[in-house]
Amino acid sequence: MRRRARAVWRAIVAVWLWRAGSRRRRSESRAQRDPSERRAGAAGRIEGVVVVLLALATAGTAAFAALFILDPDTQLLGLALGLALASLAAALVVAGKRLVPRETKVEARPRLARPQEVEPVVQELRAGADGITRRRLLGSAAGLAGAGVAAAAVVPVAGLGPGITDQLARTPWRAGRRLVDEEGTPVAAADVRRGSFLTAFPEGVQHDELGASVVVVRVDPATLRLPAERANWAPYGILAYSKICTHAACAVSLYRSPLNPSTQPRGPALVCPCHFSTFDVLRAAAVEFGPAGRPLPQLPLVVDAAGALRAGGPLSGPVGPSWWGDKT
Amino acid sequence: MRRAVLLIAALACGGAALLTLAGGGRGARGGREAMQAAAAAPPSAGSPAPAVPAASSALLAQGRGLFESSCASCHGADARGIHGRGPSLIGVGALAADFYLQTGRMPLPAPRDQPLRTKPAFPQSQIRALVAYVGSLGGPAIPRVSPGRGSVARGQKLFALDCAGCHTIQAQGGVVTGAIAPSLNEATPTQVAEAIRVGPYAMPRFSSGELSDADVDSIARYLQTTKHPDDRGGWGIGRVGPIPEGMVAWLLAFAALLLVVRLIGERTEG
Amino acid sequence: MSAFSHPHERDRLTDPVRFVDERLGGAKALRFVMGYVFPDHWSFMLGEVALYAFVVLVATGTFLALFFSPALGQVVYHGGYGPLQGQQISEAYGSTLHLSFSVSGGLLMRQTHHWAALVFVAAITAHLLRIVFTGAFRKPRDVNYFIGVTMLALAILEGFAGYSLPDDLLSGMGLAIAWGVAMSLPLIGGPFATALWGGRFPGTTVFESRLFIAHVFIIPALLAALIAIHLAIIMIQRHSQFAGEGRREDNVVGTPLWPGYALRSLGLFAAVAGVLVLMGGLIQINPVWLWGPYHPYLGTNGAQPDWYLGWLIGALRMMPNLEIHLFGHTLVPNPFFGGVLFPTAVFALLYALPWLDRRFISRDYRRHDLLELPRENPRRTALAAAVFSAIAIVFAAGSADRLFFQFGFGYEGAIWFFRGAFLLAPPLVYWITRRVCLALLRAHAHPLRGFSGAVVVRGEQGGFERTGGP
């Protein structure tokens with residue numbers, strides 16, 4: 001019984017080996033065949049087809065030139081030149097595949113490596129240092145000098161920009177600065193209604209400066225959950241936060257303002273359109289969702305005698321994305 | 001044969017994907033929901049309501065009847081709202097009612113869904129009656145918008161500052177975490193003004209102190225250009241930017257060049 | 001034939017050839033070049049598509065550079081486009097509008113240029129996939145492979161710089177993100193970003209000229225040099241080929257350059273140019289007048305980078321809000337993980353691939369000039385497919401907001417789904433791909449054409465019947 005089983009097993013192995021071997025033999029014999037061939041001559045029609053395609057290409061380029069001078073409509077120009085190029089492409093491909101001689105050629109692949117040359121090269125290299133005694137010293141000195149030259153090439157690059165860290169932490173907001181809208185009109189507290197949002201800037205400052213833009217919103221004061229030290233930063237429930245996202249500096253230009261809290265559980269939030277960092281306005285712009293690592297800096301607000309909004313001090317933190325070493 | 005089928009299927013999928021992305025999204029169709037019109041603060045306390053002829057008592061009676069049958073289940077028979085379903089409609093005015101009914105956002109079967117534009121549930125005559133009834137409860141009238149009096153450049157600036165963040169700069173619609181900001185291709189100037197004053201669902205609302213009636217005219221004028229955009233470059237592919245552009249680059253240009261390359265080159269043996 | 005034979009017997013081509021030969025010793029070189037054999041499998045032409053797209057880019061780009069103004073000084077727009085009338089815009093944006101509206105053929109050139117950029121990177125990516133899946137990066141071609149990967153990185157940078165030049169709303173937002181990512185580099189981030197931009201974002205007008213010179217000179221010069229070296233190495237080593245009739249490791253079988261391959265390659269050039277010009281004229285791309293000018297306090301929904309940066313916006317969106325702080329100071333800001341660590345890891349993997357393949361995957365240190373069909377190396381194919389699927393998932397996460405808008409999947413839920421898929425899908429893809437490769441090998445079947453060999457069946461009465469096959 002066991003002898004029978006062993007015989008069957010040997011037969012199976014033998015067949016498998018033979019098949020594997022025959023596969024390799026087949027591919028090997030395929031690889032030994034000579035595939036070179038050359039076929040010249042084409043059907044007469046082909047030559048005519050190529051001529052027609054080339055004529056179309058010429059017509060297309062002529063149309064392109066005419067249109068360029070007379071009526072440079074983008075669509076027509078594109079059609080004319082594009083179709084001309086497409087016809088040219090067709091002509092060239094048809095000619096290459098059917099008109100000119102079709103040849104399959106075999107070339108020996110040149111052997112690149114010359115292993116017997118490697119050792120002589122190494123010897124030559126070493127021979128260049130014959131007679132030199134203090135090799136380590138010279139080598140280190142040369143290495144240092146080379147590194148120095150390379151570093152010197154980089155030094156002018158360091159002069160590309162002014163000094164930074166104080167610049168990054170600067171903000172144009174100071175106590176007493178009036179808030180103005182994009183036109184420069186002072187923002188009146190009475191004009192900020194619950195449920196709306198507007199963009200404001202410090203009076204007299206360039207709007208494009210990163211620390212300048214803030215978002216002003218108004219919420220029900222009873223729903224506010226600001227930290228204790230910011231209790232008087234939001235008169236009448238009017239809040240201001242920096243508009244520059246603390247993730248990657250996009251403008252936080254979305255305001256989710258639920259109309260019916262009893263059916264909309266998510267509270268009011270400022271959202272950034274780039275990576276959807278969501279900042280809860282009731283909780284000092286704490287990050288509710290998204291990749292931002294810090295809340296938006298908050299601007300303390302006061303309402304002056306004329307009813308206009310003014311800053312009660314600087315922003316609560318650095319504007320925009322963090323960098324190594326900045327204060328959180 | 002199989003190859004041809006696969007290729008056609010791939011092209012069909014790619015084309016379908018491209019067309020859907022170039023067309024509108026869910027903001028153009030969508031669900032229904034009960035929404036609370038602003039009861040916390042009156043929407044546009046500053047704007048003077050234009051003089052409206054007093055609604056006839058027959059219209060008001062018809063409106064009340066329709067209200068009781070279609071709206072009271074969420075908004076309450078007295079229109080004071082039911083917590084967890086529909087908000088109070090006292091003081092929202094004809095403005096809000098007209099907006100929600102004309103855009104089909106109301107009635108809304110599931111109170112927690114976002115109301116989105118759909119075919120109005122009522123014929124125009126019934127809408128007029130309902131609007132008259134809700135208007136009689138107090139609040140602003142339907143705004144009069146004249147896009148022709150607005151400045152298109154000022155509209156572009158205002159839209160870029162206040163609206164593009166949610167609706168995209170070409171008003172093709174976008175998202176916030178938790179809500180959709182619909183495309184504005186189908187919104188009439190009146191509906192644009194109404195939405196600005198109401199602030200439906202998650203949208204902020206702007207009183208006339210923040211966006212004056214002239215500003216609203218300008219925004220409406222700008223939105224006329226987004227409905228008929230200057231697509232002088234050719235097929236607009238949705239005007240939302242690089243996503244459809246990338247799809248065209250791969251599924252049209254590169255696919256065509258792949259075909260060319262297959263024609264020119266050889267294939268491996270089978 | 002002697003140079004002094006009768007003029008009427010001389011071929012008209014003799015003079016030009018002799019001209020070149022007498023001055024440059026060109027006859028021998030010409031013989032070499034004309035007889036050069038190109039293995040011409042269709043997948044070997046993907047790199048050529050990229051090359052010809054590059055030529056179109058240089059040609060159209062030169063035209064654009066003659067009109068574009070790389071300065072950020074503010075001007076007031078007084079052209080014909082209504083929505084921008086009277087608005088303050090930068091000179092860069094204004095010159096782009098001028099190109100699009102007033103210069104004859106300007107918009108055609110702009111759009112062809114931009115489509116060419118998208119197709120350029122697409123072709124490089126497809127070419128890279130072919131290289132990886134057929135093992136073409138193995139010795140002796142690993143050096144050329146490194147050059148290719150470097151060119152991919154340069155092409156992506158170049159495209160980003162190019163579409164950021166017009167200072168429109170969409171690309172301006174992209175530059176802000178780039179600044180945030182630059183700031184997140186450990187140790188040097190703050191000084192580096194501020195040095196590059198000439199100050200805190202949005203920087204000064206000097207940044208625009210730096211971007212311009214990088215896009216118009218520095219990177220194209222690097223690319224051109226690397227392309228030349230890339231092609232030279234191919235010529236020296238001869239192109240690789242698939243196994244087949246008469247094809248061995250020690251020969252090259254294909255079409256000689258003259259006349260067949262030259263015509264076909266020129267035809268491909270014309271086809272690439274034709275497709276790009278047709279798209280440049282008929283399909284709108286980057287209509288900057290519709291986006292409006294950029295200001296740091298403006299943002300639009302649906303802002304996306306060009307497709308080849310989709311993997312980075314996906315990484316930035318997918319990354320949970322991890323930031324590393326120490327004693328009240330930030331050490332590693334969040335954008336570092338998605339914007340620096342992730343692409344560095346991917347490119348490190350790409351550069352390490354030849355070594356990883358030699359040492360771990362194929363365990364094969366020999367030189368190879370014959371390519372493998374993907375199914376012939378199931379481990380490598382499965383691994384490459386798994387890595388590719390991970391990148392594709394990150395890519396898809398980058399458009400989660402449009403998925404929400406189009407199909408209604410909530411945004412936060414989608415992000416969590418993609419986070420899970422990123423971890424769970426690659427092993428699954430590995431397992432499936434490997435099984436498919438092994439199954440195809442066993443059945444001797446082509447993935448699309450199926451089995452094309454002969455089937456021999458023994459009849460009941462003896463004798464054999466043969467169906468199919470050559």
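Bear in mind the structure is a predicted one, so any value in this text is a computation, not a measurement.

Along chain C, the regular secondary structure elements total 16 helices and ten strands. Structurally, chain C occupies a C-alpha span of about 85 × 75 × 40 Å along its principal axes. Here chain C, with 470 residues, has 57% of them falling under the buried criterion. Within chain C, counting contacts between residues at least 6 apart in sequence, those at least 24 apart form 72% of the total.

Accessible area lost upon the coming together of the parts is a frequently used measure of interface size. Chain A puts 82 residues into the contact, and the matching count from chain C is 91 residues. Between chain A and chain C lies a buried interface of about 7,400 Å² when both sides are counted; carbon and sulfur atoms form 63% of it. Counting the surface chain A buries against chain C, the share from its top three residues, Glu107, Arg109 and Trp324 of chain A, is 12%. Viewed at the interface, chain C and chain A are joined by three salt bridges. Joining chain A to chain C, the criterion identifies 22 residue pairs in polar contact (both at pLDDT 80 or more). Elements represented by at least two residues in the side of chain A that touches chain C include exactly helix H1 (2-32), helix H2 (44-70), helix H3 (74-99), strand S2 (102-108), helix H6 (165-169) and strand S10 (286-289) of chain A.

All right, on to the packing of helix H6 (residues 152-162) of chain B against helix H9 (residues 213-227) of chain B then. Residues and elements named next belong to chain B. It is at 7 Å that the axes of H6 and H9 come closest, and there the two elements cross at 95 degrees. Relative to H9, H6 is oriented roughly perpendicular. Residue-level inspection shows Val152, Arg154, Gly155, Gln156, Leu158 and Phe159 of H6 in contact with H9, the latter providing Asp215, Ser218, Ile219, Arg221, Tyr222, Leu223 and Thr225. Taken together, the residues of the contact of H6 with H9 break down into six nonpolar, four polar and three charged.

This brings us to the pattern of salt bridges. Where side chains of opposite charge bring their charged atoms close, a pairing between them can arise. The full count for this structure, using the stated rule, is 23 salt bridges over all chains. For arginine 178 of chain A, the salt bridge is made with glutamate 203 of chain A, and the minimal N-O distance between the two is 3.0 Å. One end of the pair, arginine 178 of chain A, is in the loop between H6 and strand S3 (179-180); the other, glutamate 203 of chain A, is in the loop between strand S4 (197-202) and strand S5 (214-218), and 25 residues separate them in sequence. On the accessibility criterion, arginine 178 of chain A (24% relative accessible area) is partly exposed. Between aspartate 357 of chain C and arginine 380 of chain C there is a salt bridge; the shortest N-O distance is 3.1 Å. Of this pair, aspartate 357 of chain C sits in helix H13 (residues 335-361) while arginine 380 of chain C sits in helix H14 (residues 378-397), and the two are 23 residues apart along the sequence. Neither aspartate 357 of chain C nor arginine 380 of chain C differs from the other in exposure class; each is buried. Salt bridges sharing partners connect three or more residues here, namely Arg109 of chain A together with Arg141, Arg367 and Asp369 of chain C.

So, about the sheet that holds S5 of chain A. All names here are of chain A. Here four strands make up an open sheet; going across it, the order is S3-S4-S5-S6 and the pairing antiparallel. Of all strands in the sheet, those with a lone pairing partner are S3 and strand S6 (238-242), marking the two edges. The pairing of S5 with S6 spans five bridges and is classified as antiparallel. Directly across from valine 217, in S6, lies its bridge partner leucine 239.

Quick look at the confidence of the model for chain C now. Per-residue pLDDT for chain C averages 92, and the proportion of residues at 70 or more is 98%. Complex prediction metrics read pTM 0.89 and ipTM 0.88.

Quick look at the sheet that holds strand S9 (residues 278-280) of chain A now. Residue and element names in this part refer to chain A. One open sheet accounts for four strands, arranged S7-S8-S9-S10; its pairing is antiparallel. Of all the strands in the sheet, just strand S7 (254-256) and S10 have a single pairing partner and so form its edges. Going across the sheet, the axis of each strand differs from the next one's by a mean of 35 degrees, ignoring polarity. Of the pairings in the sheet, the one linking strand S8 (residues 269-271) to S9 comprises three bridges and is antiparallel in character. Residue pairing across strands places valine 271 opposite threonine 278, the latter belonging to S9.

Another point: the environment of asparagine 301 of chain C. By secondary structure assignment, the location of asparagine 301 of chain C is in the loop between helix H11 (288-291) and helix H12 (310-318). Accessibility expressed as a relative area gives 3% for asparagine 301 of chain C, which makes it buried. Beyond its immediate sequence surroundings of up to four residues, asparagine 301 of chain C is in contact with Leu254, Pro273 and Phe276 of chain A, Ala164, Gly165, Cys166, His167, Thr168, Gly174 and Val175 of chain B together with Asp401 and Arg402 of chain C. A polar contact of 2.9 Å, which involves the side chain of asparagine 301 of chain C, links it to the backbone oxygen of glycine 165 of chain B.

As a further point, take the side chain of threonine 246 of chain A. Here threonine 246 of chain A lies in the loop between S6 and S7. The residues contacting threonine 246 of chain A, other than those within four sequence positions of it, are Phe279, Ala292, Arg294, Pro295, Leu296, Pro297, Gly320, Pro321 and Ser322 of chain A.

Each side of the interface is counted separately: chain B has 71 residues, and chain C has 74 residues. The contact between chain B and chain C buries some 5,800 Å² in all, and 66% of this surface belongs to carbon and sulfur atoms. The tally of links between chain B and chain C comes to zero salt bridges. Here chain B is connected to chain C by 18 residue pairs in polar contact (both at pLDDT 80 or more). For the side of chain B that touches chain C, the elements supplying multiple residues, two or more each, are helix H1 (2-22), H6, helix H7 (164-167), strand S1 (174-176), strand S2 (179-181), H9 and helix H10 (242-264) of chain B. Broken down by element, the side of chain B that touches chain C gets its largest block of residues, 16 residues, from H10 of chain B. Along the lines of polarity and charge, the residues of the side of chain B that touches chain C split into 33 nonpolar, 24 polar and 14 charged.

Right, let's talk about the pairing of S6 of chain A for a bit. Within S6 of chain A, five of the five residues are buried, leaving the element largely enclosed by the surrounding structure. What you see with S6 of chain A is no split at all: Ile238, Ala240 and Ser242 of chain A on one side and Leu239 and Tyr241 of chain A on the other are buried throughout.

This part covers the state of the cysteines. Residues and elements named next belong to chain A. Using the criterion set out here, one finds one disulfide over all chains in the structure. Between the sulfur atoms of cysteine 250 and its disulfide partner cysteine 274 the distance amounts to 2.0 Å. Sign of the S-S torsion, about -90 degrees for the bond between cysteine 250 and cysteine 274, identifies this disulfide as left-handed. Of this pair, cysteine 250 sits in the loop between S6 and S7 while cysteine 274 sits in the loop between S8 and S9, and the two are 24 residues apart along the sequence. Owing to a relative accessible area of 2%, cysteine 274 belongs among the buried residues under this scheme.

Here we come to the nonpolar core. Formed by 229 residues in total, the largest nonpolar core has its most connected members in Leu179 and Val216 of chain A together with Trp115 of chain C. Setting aside its immediate chain neighbours within four residues, tryptophan 115 of chain C contacts Ile237, Glu245, Val248 and Ala249 of chain B together with Leu276, Met279, Gly280, Ile283, Gln284 and Ile285 of chain C. Judged by nonpolar contacts, the second largest core, of 25 residues, contains Ala79, Met106, Ile127 and Val198 of chain B.

Cut-off values and rules
- Residue numbers run consecutively from 1 along every chain, following the written order of its sequence.
- Whichever chain is written first becomes A and whichever ligand is written first becomes 1, with later ones labelled in order.
- Per-residue local features are limited, in this predicted model, to residues with pLDDT of at least 70; the limit for side-chain atom pairs, both in listing and counting, is 80 or more; totals at the level of whole chains, interfaces and linings are taken over all residues.
- Side-chain figures throughout are based on the complete set of non-hydrogen atoms in the structure, without hydrogens or water.
- Think of it this way: any DSSP run of H or I at least four residues long counts as a helix, any run of E at least two long counts as a strand, and we number them from the N terminus.
- For every residue, the accessible area obtained with a 1.4 Å probe (protein chains only) is divided by the maximum for its type, and the residue is called buried under 20%, exposed over 50%, and partly exposed between those limits.
- Residue contacts follow a heavy-atom distance rule, with two residues in contact if any of their heavy atoms lie within 4.5 Å.
- Here the buried area means the combined drop in accessible surface, using a 1.4 Å probe, for two parts upon being joined, counting both sides.
- A pair is scored as a salt bridge if a Lys or Arg side-chain nitrogen falls within 4 Å of a carboxyl oxygen belonging to Asp or Glu.
- Here a polar contact means two N or O atoms within 3.5 Å. Within protein one must be a hydrogen donor candidate and the other an acceptor candidate, and residues neighboring in sequence count only if both atoms are side-chain atoms.
- A fitted line through C-alpha atoms serves as each axis, taken over the contacting stretch for helices, and the angle formed by two N-to-C directions is quoted from 0 to 180°.
- Any angle from 65 to 115 degrees is called roughly perpendicular, while one under 35 is roughly parallel, one over 145 is roughly antiparallel, and all others are oblique.
- Only Asp, Glu, Lys and Arg are considered charged, only Ala, Val, Leu, Ile, Met, Phe, Trp, Tyr, Cys and Pro nonpolar, and every remaining residue, Gly among them, polar.
- When DSSP locates at least two bridges between a pair of strands, those strands are taken to pair.
- On a scale of 0 to 100, pLDDT captures the predictor's confidence in every residue.
- The disulfide criterion is simple: two cysteine sulfur atoms within 2.5 Å.
- Remark: nonpolar core denotes a set of buried residues (Ala, Val, Leu, Ile, Met, Phe, Trp, Tyr, Cys) joined through side-chain atoms within 4.5 Å.

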